[in-house]
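Structure at a glance
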Amino acid sequence: MAVPSPPFSLSKHSLSNPPSFLASNPSLDPSKAPVLRPRNAFGSEANLGGVEQTRLRLWNNLKTNSDLRLQASRELPGLTKELKSDKSERMERIEHGTDLFDEMKQRFLSFKKHKYMQNLELYEKLAKDQAPKFMVIACADSRVCPSSILGFQPGEAFVVRNVANMVPPYENGPSETNAGLEFAVNSLKVENILVIGHSRCGGIHALMSMHDDVETSLIGSWVSVGMNARVRTKAATKLLNFDQQCQHCEKESVNCSLVNLLTYPWVEEKVRNGELAIHGGYYDFVDCAFEKWTLDYKESNPIDKSGKVAVKDRAFWF
Amino acid sequence: MSSSSRHAGMGNLSLEGAIEGLKKLLIPNDKDEQLNKELETKIEKLISELLGTTPHDCHPVRRILGGFQSFKTTKFEMYPELFSELKEYQTPKFLVFACSDSRVSPSNILDFQPGEAFMFRNIANLVPPFNQLRYSGVGAAIEYAVVHLNVENILVIGHSRCGGIDRLMELPEDGSTANDFIDNWVQIGLPAKAKVKAEFGHLPPDEQKRECEKEVVNLSLTNLQTYPYVRERMARKALALRGGYYDFVEGCFKVWEVKTFITTPIHS
């Protein structure tokens with residue numbers, strides 16, 4: 001099965017158009033028909049030019065002589081232009097919103113041609129059933145998709161994404177996160193749960209910035225799940241600046257979630273029997289590093305005397 | 001020459017020879033696009049095997065380590081300017097709701113790149129109606145994406161063979177539940193189920209489920225409009241809502257838009 005495809009290139013057809021996924025189409029024309037109408041997303045073939053990118057990657061992986069190593073000299077597709085654009089360009093793109101979905105169509109067709117059709121046997125098997133080994137709980141942040149950063153392919157990971165990758169404890173009652181947890185553990189019978197935190201998390205920032213009075217926003221209500229992490233962080237990091245405290249809290253919150261996982265009886269039972277392993281992870285996109293650790297389950301208490309979560313198999317990849 | 005060093009010499013020659021042979025292949029063929037695409041796919045598979053990231057090769061830790069290494073070398077280090085910007089802020093154009101199903105990651109099927117889509121994934125891609133006392137998880141995501149990140153598009157993607165929809169359609173009529181949390185969550189979709197039963201009750205159960213998978217997307221799109229900040233931005237055309245449906249049995253993807261209007265008064 002292929003590793004994640006190289007970043008897309010603009011198709012020849014769209015080179016003169018604004019970069020993809022950078023415009024929107026909020027047009028709501030009162031004179032047109034109401035409500036919802038389906039529209040097929042098929043069309044012409046994509047020309048992604050991804051072959052050049054792939055050759056570059058293979059070069060890197062073979063570790064050839066430096067004089068043979070190629071530089072990526074192609075202009076970076078679209079995204080950086082967007083990030084530097086000014087408001088007038090944005091407005092123009094909003095008016096050309098359909099380009100955005102044309103690009104999406106090309107991407108799907110490319111996926112179909114180069115992944116789906118090339119692995120028909122796998123996709124036929126997946127169509128019948130899924131048997132992922134992982135459940136991943138990650139933040140909804142656009143920069144931290146587990147399929148991108150850890151290369152999960154279709155069928156590998158059941159993924160729940162919410163603000164600040166939080167797992168509320170059992171006693172908080174039903175939520176979308178523990179519905180996913182119940183399905184993954186009891187129906188899919190995943191063998192690993194991985195909770196991934198990340199740097200510069202807006203949700204954790206909100207948690208650390210909350211005032212002590214009653215929180216009225218939905219963000220505040222949700223991130224309050226991580227209050228224990230905030231309390232421990234504030235206690236342990238008095239001498240650090242706010243950003244450093246937030247980074248500490250990002251990891252502390254992962255541990256808080258790992259402990260909360262064990263409040264679910266059917267999770268704890270499987271961990272105790274060795275059928276399920278619980279891992280924490282932290283993706284630092286400032287330095288591009290990934291830290292990973294595994295909960296060291298102890299029957300008596302997963303938290304040791306100093307209040308820290310007992311972990312093992314800590315690894316740091318950079 | 002000792003046998004071991006002779007053996008080592010022969011081993012080295014064959015590896016170098018193999019690399020030389022491969023290099024000769026890696027010359028773009030301007031005339032044959034099809035050949036280029038096939039070559040690209042084969043190279044992808046080779047890299048995957050070299051890094052030990054094929055799905056069946058699966059010590060779980062090695063799997064994610066390999067995936068991360070691949071991401072770092074093929075994306076992060078290849079586009080330093082982009083990732084340098086992303087360190088400071090994200091400006092996604094999309095808020096995406098998708099199912100947690102392992103087969104339907106929008107990053108795989110729609111190739112979303114880092115920074116493009118703020119993505120909320122839950123069972124059956126459900127969006128409950130606005131409620132300040134419940135479902136704060138979903139509400140927090142909508143609030144953050146719409147108010148703080150100013151996304152311009154919301155896309156709700158349903159899919160085929162959805163286990164959450166299966167459960168919704170099989171929920172007992174008497175309201176009893178068999179599990180702690182799943183039933184409580186999927187019952188958000190009951191209005192969609194009612195509509196499907198009314199319109200397609202004559203169809204076999206499997207086909208009713210397929211209809212419900214699409215109807216639930218429409219329900220989520222309707223529920224999204226109960227969030228005040230969503231409504232406000234739609235009114236000033238700063239936000240567009242769309243639904244999508246990924247059918248991995250047939251290998252197709254549909255997308256549709258939300259358009260609403262109020263007629264002029266019918267009676268004066």
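Residues numbered from 1 in each chain as written. Chains lettered and ligands numbered in written order. Predicted model: local features only at pLDDT ≥ 70, side-chain atom pairs only at ≥ 80, totals over all residues. Heavy atoms only, no water.

The name an unreviewed UniProt entry assigns to chain B is Carbonic anhydrase, from the organism Salix brachista.

The name recorded for chain A in an unreviewed UniProt entry is Carbonic anhydrase, from Salix brachista. Per UniProt, chain A has the following entry under Sequence similarities (unreviewed entry): "Belongs to the beta-class carbonic anhydrase family." According to the UniProt record, the Catalytic activity (unreviewed entry) comment for chain A reads "hydrogencarbonate + H(+) = CO2 + H2O". (UniProt positions renumbered as here; feature names shortened; annotations may be inferred.)

A few points about the overall build of chain A
The helix and strand inventory of chain A stands at twelve helices and seven strands. When each of the 318 residues of chain A is scored for burial, the buried share is 58%. A fraction of 68% describes how many contacts in chain A between residues 6 or more apart in sequence connect residues 24 or more apart. Total accessible area on chain A stands at roughly 13900 Å², and carbon and sulfur atoms take up 51% of it. (Helix = DSSP H or I, 4+ residues; strand = E, 2+ residues; numbered from the N terminus. Buried < 20%, exposed > 50% of the residue type's maximum accessible area, 1.4 Å probe, protein only. Contact = heavy atoms within 4.5 Å. Areas by Shrake-Rupley, 256 points an atom, 1.4 Å probe, with all protein chains shown as cover.)

Description of the UniProt feature "binding site: Zn(2+)" (unreviewed entry) in chain B
All names here are of chain B. Per the UniProt record, "binding site: Zn(2+)" (unreviewed entry) is found at Cys99, Asp101, His159 and Cys162. The named residues occupy 64 residues along the chain; their greatest pairwise C-alpha distance, 9.0 Å, places them in one compact cluster. Here Asp101 lies in the loop between β1 (94-99) and α5 (106-109). Judged by its relative accessible area of 2%, Asp101 falls in the buried class.

Some thoughts on helix α9 (residues 190-200) of chain B
Residues and elements named next belong to chain B. Among all positions in α9, only Ala192, Lys193 and Val196 are buried. The arc that holds every buried residue of α9, seen down its axis, measures 100°, which confines them to one face. The inward-facing, buried residues of α9 abut α7 (163-170) and α10 (205-224). (Arc of directions from axis to C-beta.)

Here we look at the nonpolar core
Taken as a class, soluble globular proteins show a tendency for nonpolar side chains to be buried jointly. Grouped together as the largest cluster of nonpolar side chains are 146 residues, with contacts concentrated most on Val267 and Tyr283 of chain A together with Phe97, Ile142, Val230 and Tyr246 of chain B. If near-sequence neighbours (up to four positions away) are discounted, Val230 of chain B is found in contact with Ile142, Val146, Ile154, Leu224, Gln225, Leu239 and Leu241 of chain B. (Core = buried A, V, L, I, M, F, W, Y, C linked by side-chain atoms within 4.5 Å.)

Quick look at the packing of aromatic side chains
Tallied over the entire structure, the rule returns 32 aromatic pairs over all chains. Ring pairs connect the aromatic residues Tyr283, Phe285, Phe290 and Trp317 of chain A together with Phe68, Phe71, Phe76 and Phe83 of chain B, which therefore count as one cluster. Geometry around Tyr282 of chain A places Lys251 of chain A over its ring, the cationic atom sitting 4.8 Å from the centre. In this arrangement the basic side chain of Lys214 of chain B is found over the ring face of Tyr245 of chain B, its NZ or CZ atom lying 5.1 Å from the centre. (Phe/Tyr/Trp six-rings, centres within 6.5 Å; stacked < 30°, edge-to-face > 60°. Lys NZ or Arg CZ within 6 Å of the ring centre and 35° of its normal.)

A look at unusual backbone geometry
Residues and elements named next belong to chain A. For Asn165, which is not glycine, the phi torsion reads 40° and is therefore positive. Here Asn165 is to be found in the loop between β3 (157-162) and α7 (176-187). The class of Asn165 is buried, set by a relative accessible area of 2%.

What about the environment of Gly226 of chain A?
Residue and element names in this part refer to chain A. Positionally, Gly226 belongs in the loop between α9 (218-223) and α10 (227-236). When its relative accessible area of 1% is taken as the criterion, Gly226 is described as buried. Among all residues touching Gly226, those that are not within four sequence positions of it are Met166 and Leu207.

A few points about the pairing of strand β6 (residues 289-295) of chain A
Residues and elements named next belong to chain A. In terms of residue burial, β6 counts as a mostly covered element, since seven of its seven residues are buried. Summarising the sheet, strand β5 (residues 277-284) and β6 pair through six bridges and their orientation is antiparallel. Across the sheet, the residue bridging to His279 is Thr294, located in β6. Connecting β5 to the antiparallel partner β6 that follows it, the hairpin turn spans four residues, and Cys288 within it adopts a positive phi of roughly 50°. (Pairing = 2+ DSSP bridges.)

Topic: the packing of α7 of chain B against α10 of chain B
Residue and element names in this part refer to chain B. At a minimum axis separation of 10 Å, α7 and α10 run at an interaxial angle of 110°. One way to sum up the angle between α7 and α10 is to call them roughly perpendicular. Across the interface between the two elements, Ile165, Asp166, Leu168, Met169 and Glu170 of α7 pack against Gln208, Lys209, Arg210, Cys212, Glu213 and Val216 of α10. Of the residues contributing to the contact of α7 with α10, the split by class is five nonpolar, one polar and five charged. (Axes fitted to C-alpha atoms, helices over the stretch in contact; angles between N-to-C directions. Parallel < 35°, antiparallel > 145°, perpendicular 65-115°, else oblique. Nonpolar A, V, L, I, M, F, W, Y, C, P; charged D, E, K, R; others polar.)

Considering the confidence of the model for chain B
Residues and elements named next belong to chain B. Scored by pLDDT, chain B comes out at a mean of 85, with 82% of its residues at no less than 70. Under a pLDDT of 50 for its full length, residues 1-11 has, in the predicted model, one contact with residues more than four places off or in other chains. Interface confidence for the predicted complex, expressed as ipTM, amounts to 0.81; the pTM equals 0.77. (pLDDT = per-residue confidence, 0-100.)

A look at the domain arrangement of chain B
Segmenting chain B into domains produces domain 1 (55-88) and domain 2 (90-257). Computed over C-alpha atoms, the centres of domain 1 of chain B and domain 2 of chain B are 29 Å apart. (Domains from an automatic or database assignment.)

Topic: the pattern of salt bridges
Two side chains carrying opposite charge are able to pair once their charged atoms lie near each other. Tallied over the entire structure, the rule returns 19 salt bridges over all chains. Here Arg167 of chain B and Asp183 of chain B are joined by a salt bridge, their closest N and O atoms 2.6 Å apart. Linking Arg167 of chain B in helix α7 with Asp183 of chain B in helix α8 (residues 182-186), this pair joins segments that are 16 residues apart in sequence. Connected via shared salt-bridge partners are Glu103 and Arg107 of chain A together with Glu116 of chain B. (Salt bridge = Lys/Arg side-chain N within 4 Å of Asp/Glu carboxyl O.)

Observations regarding the environment of Ser147 of chain A
Residue and element names in this part refer to chain A. With respect to the element layout, Ser147 can be found in helix α6 (residues 146-149). Classification of Ser147 by relative accessible area gives buried; the value is 6%. In this structure, the C-alpha to C-alpha distance between Ser147 and Ala157, residues ten residues apart in sequence, is 8.5 Å.

What about the UniProt feature "binding site: Zn(2+)" (unreviewed entry) in chain A?
Residue and element names in this part refer to chain A. The sites that UniProt annotates as "binding site: Zn(2+)" (unreviewed entry) are Cys139, Asp141, His198 and Cys201. For the annotated residues, spread through 63 residues, the largest C-alpha to C-alpha distance comes to 9.0 Å, consistent with a single compact locus. Counting through the fold element by element, Cys139 comes out in strand β2 (residues 134-139). Taking the relative accessible area as the measure of exposure, Cys139 reaches 4% and is therefore buried. Discounting chain neighbours no more than four positions away, the residues touching Cys139 are Val144, Arg161, Asn162, Val163, Ala164, Asn165, Ile196, His198 and Cys201. Assignment of secondary structure puts His198 in strand β4 (residues 192-198). When residues no more than four places from it in sequence are discounted, the contact partners of His198 are Cys139, Asp141, Val144, Asn165, Glu250, Tyr282, Tyr283 and Phe285.

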